[in-house]
Amino acid sequence: MKYTFEKGKKSTVKITIDLTATEWNKAIDEAYEKTKGRYSMAGFRKGKVPKKVLESAYGEGVFYEEAINQAFPKYYSEILEKETSIEAVAAPELDIKKISAKGITMVAIVAVKPEVVIGEYKGITYKKNVYNVKDEDVEEDIKRLQERNSRLVEVTDRAVADGDTVIIDYSGSVDGVKFDGGTAEKQTLVIGSKTFIPGFEEQLIGMNICDEKDINVKFPEEYHAENLKGKDAVFAIKLHEIKKKELPEINDEFIKDAVGVETLDAYKAQTKEKFEKQNADRAERELEDEIIKKITETSDVEIPDAMIENQIDRMVQEMEYRLQYQGLRLADYLKYMNKSMEDFRKDYAEQAAEYVKSQLVIEAIIEKEEISATDEEVEKRVEEMAKSQGKEVPDIKKNMGARQLDYIKNDIIIKKFFDLLKSSNTIE
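Attention in this report is confined to the structure presented alongside it.

### A short note on the pattern of salt bridges
Enumeration according to the criterion identifies 34 salt bridges in this entry. Between Lys113 and Glu363 there is a salt bridge; the shortest N-O distance is 2.7 Å. With Lys113 in the loop between strand S4 (103-111) and strand S5 (116-117) and Glu363 in helix H9 (residues 341-368), this pair connects stretches of sequence that are 250 residues apart. Take Lys113: its relative accessible area is 28%, and that puts it in the partly exposed class. Ionic pairing is found between Lys422 and Glu288, a salt bridge with its closest N-O pair at 2.9 Å. Of the two residues, Lys422 is situated in helix H12 (residues 402-423) and Glu288 in helix H6 (residues 264-297); the sequence distance between them amounts to 134 residues. Where salt bridges share partners, they join Lys128, Glu284, Glu288 and Lys422 into one cluster.

### Overview of the sheet that holds strand S1 (residues 2-7)
Read from one edge of the open sheet, 4 strands run S1-S2-S4-S3, paired in antiparallel fashion. Of all the strands in the sheet, the pair left with one neighbour each is S1 and strand S3 (93-100). Geometrically, the sheet is characterised by an average inter-axis angle of 15° between neighbouring strands, direction not taken into account. Alignment of S3 against S4, held across 7 bridges, turns out to be antiparallel. Across the sheet, residue Ile96 finds its bridge partner in S4, namely Met106. Against the sheet, helix H1 (residues 21-35) touches strand S2 (12-19), S3 and S4, its axis set at about 90° to S2.

### Side note on the side chain of Asp164
Of note, Asp164 is situated in the loop between strand S7 (151-155) and strand S8 (165-174). Classification of Asp164 by relative accessible area gives buried; the value is 3%. At a separation of 2.7 Å, a polar atom in the side chain of Asp164 contacts the side chain of Arg158.

### Some words on a negative patch on the surface
Among the surface-exposed residues, Asp289, Glu290, Glu297, Glu350 and Glu354 lie close enough to one another that they form a single negatively charged patch. The set of elements that each furnish at least two residues to the negative patch consists of H6 and H9. At 3 residues, the largest contribution of residues to the negative patch is made by H6. On the secondary structure map, Glu297 appears in helix H6.

Basis of the calculations
- Residues numbered from 1 in each chain as written.
- Predicted model: local features only at pLDDT ≥ 70, side-chain atom pairs only at ≥ 80, totals over all residues.
- Heavy atoms only, no water.
- Salt bridge = Lys/Arg side-chain N within 4 Å of Asp/Glu carboxyl O.
- Helix = DSSP H or I, 4+ residues; strand = E, 2+ residues; numbered from the N terminus.
- Buried < 20%, exposed > 50% of the residue type's maximum accessible area, 1.4 Å probe, protein only.
- Pairing = 2+ DSSP bridges.
- Axes fitted to C-alpha atoms, helices over the stretch in contact; angles between N-to-C directions.
- Contact = heavy atoms within 4.5 Å.
- Polar contact = N/O pair within 3.5 Å; in protein donor to acceptor, adjacent residues only side chain to side chain.
- Patch = residues over 30% accessible without salt bridge, like charges linked within 9 Å, V, L, I, M, F, W, Y side chains within 5 Å.
- Areas by Shrake-Rupley, 256 points an atom, 1.4 Å probe, with all protein chains shown as cover.
- Lys, Arg positive; Asp, Glu negative; His and termini not counted.
- Charge placed at Lys NZ, Arg CZ, Asp CG, Glu CD.

Right, here's the structure in full:
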């Protein structure tokens, strides 16, 4: 096997591979052995037809495609292993320039990791946001806790008021004709939640238990059901129950029952500390994002299209997973949004390009500054994990694979990376 390679456009390398007749015919023989079971001819058992007979019947090139599938990955891998300067970042595009029984010439266009011209990343002034925790923030948290621990109590001595929860029967009709989905019994509805058609909930206010009445509403022009858009409707209502929300009194006893903290003051102090930690983490993330953004903007890198497409693939897949978690399919989501997959991918293109560029810049700085994670640092991190989980280090390591170790190493490297940038710049 002979090969040559040269730089192409936009961070690609062109590899030309020439196989001799001997090498090529060996690949053809391998292709025959792999696929002969597919063929049957009169006078031969299936899978036992000689290679020459099949080539005579179907043409000399009958095994060429499978032979290429056998040969190219093998020789391509050998080249990448030998030529360490070729750092492929995507599957190659293959073109066959010449092919016959005497040999084959294959040309692979390979997207490679591009060179990065790093922008200034030291001696720069950055402004760091500061988020203070207010007493109102803590009070709001306590109110949310109070709401979560509220209960509904039955009301029998008054009419429906805003904020009540009611149990109703309803039956809707348009022009005197009932429509699908417009009828329900013992339906729970919170007055003021705006979960029903505009004007529906407000007209229940003032009703008493066992009251029956008709209410008039108009479906929105943007309503999801085509046959109801903008239509006037009448709903026959029967009210069964009225319930109101009863909030617990906020005191030491409530706090202890709800969250296990001894006193209200202790919970307030704990909550304030939690918010301060969250705010500090948020400020650090924003600072790190700003640093990377500025360095990336001043860096120069020619990103191969394949890297951007691969990142778009990941983004689309992540979106698909999020939709599945909500019980939706991506195809249905695209239909609802009136978008094609092509348009959907285009929406991610700019974001994907920015992400890929920032990652390449980060990797380039890490390489330039020779930032790494030592075995001792990894061991210390594993010990911290074991302590936080209440386990012994051997037990943690026993269930830890290479991928988890790589994740720990990468986490240590990234922390060192940002520590370097923060210490090498002025943070105001």
